[in-house]
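# Understanding the architecture of this molecule
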Amino acid sequence: QVQLVESGGGLVQPGGSLRLSCAVSGDTLNGYAIAWFRQAPGKELEGVSCIRSRDDNRNYADSVKGRFTIFRDNAKNMVYLQMNSLKPEDTAEYYCVSGFEWTGACTVQRGIQISDFGNWGQGTQVTVST
């Protein structure tokens, strides 16, 4: 069974950058869509971004468009979330999650839907503060 492990979170000043990593084991990235979700205390779980392996389609939440970039390294079985121009509002626990892309996860039509992703990592904390 595929396992996901997030890393790269930490404390960063507003305007700074972080790169989150998601290490995938148990299977290759082929056939999977990988998404990043985040949840801040008192806030709803939010789909941040996702990427498909077959067609490389990528989706982003409106709140992070132009600031965050999702990308993968298939040879290393890694998916990354590059976060630039970070804002305090980005403070949250970030999770990488996998879904089967053949179900339509992360297609243009479906976007980032939590029901399309069922295998969760443990999370990594991102705090943006002065």
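A short tour of the structure in this document, coming up. On a predicted model such as this, the values are computed, not experimentally measured, just so you know.

Criteria and thresholds
Residues numbered from 1 in each chain as written. Predicted model: local features only at pLDDT ≥ 70, side-chain atom pairs only at ≥ 80, totals over all residues. Heavy atoms only, no water. Disulfide = S-S within 2.5 Å. Helix = DSSP H or I, 4+ residues; strand = E, 2+ residues; numbered from the N terminus. Buried < 20%, exposed > 50% of the residue type's maximum accessible area, 1.4 Å probe, protein only. Pairing = 2+ DSSP bridges.

### What to know about the state of the cysteines
- All chains considered together, the criterion is met by 2 disulfides.
- Two residues share a disulfide in this structure: C50 and C106, whose sulfurs sit 2.0 Å from each other. Every disulfide takes its handedness from the sign of the S-S torsion; for C50 and C106 that torsion is 95°, giving right-handed. Taken together, the residues C50 in strand β5 (residues 46-52) and C106 in the loop between β9 (92-100) and β10 (119-120) connect sequence positions 56 residues apart. Each member of the pair, C50 together with C106, is buried.
- Sequence-ordered numbering of the bonded cysteines in the chain gives a disulfide pattern of 1-3, 2-4.

### Re the pairing of strand β1 (residues 3-7)
- Residues L4 and E6 of β1 are buried on one face, while the alternating residues Q3, V5 and S7, pointing to the opposite face, are not.
- In terms of strand pairing, β1 meets strand β3 (residues 18-25) through 5 bridges, oriented antiparallel. In the strand pairing of β3, Q3 is matched with S25.

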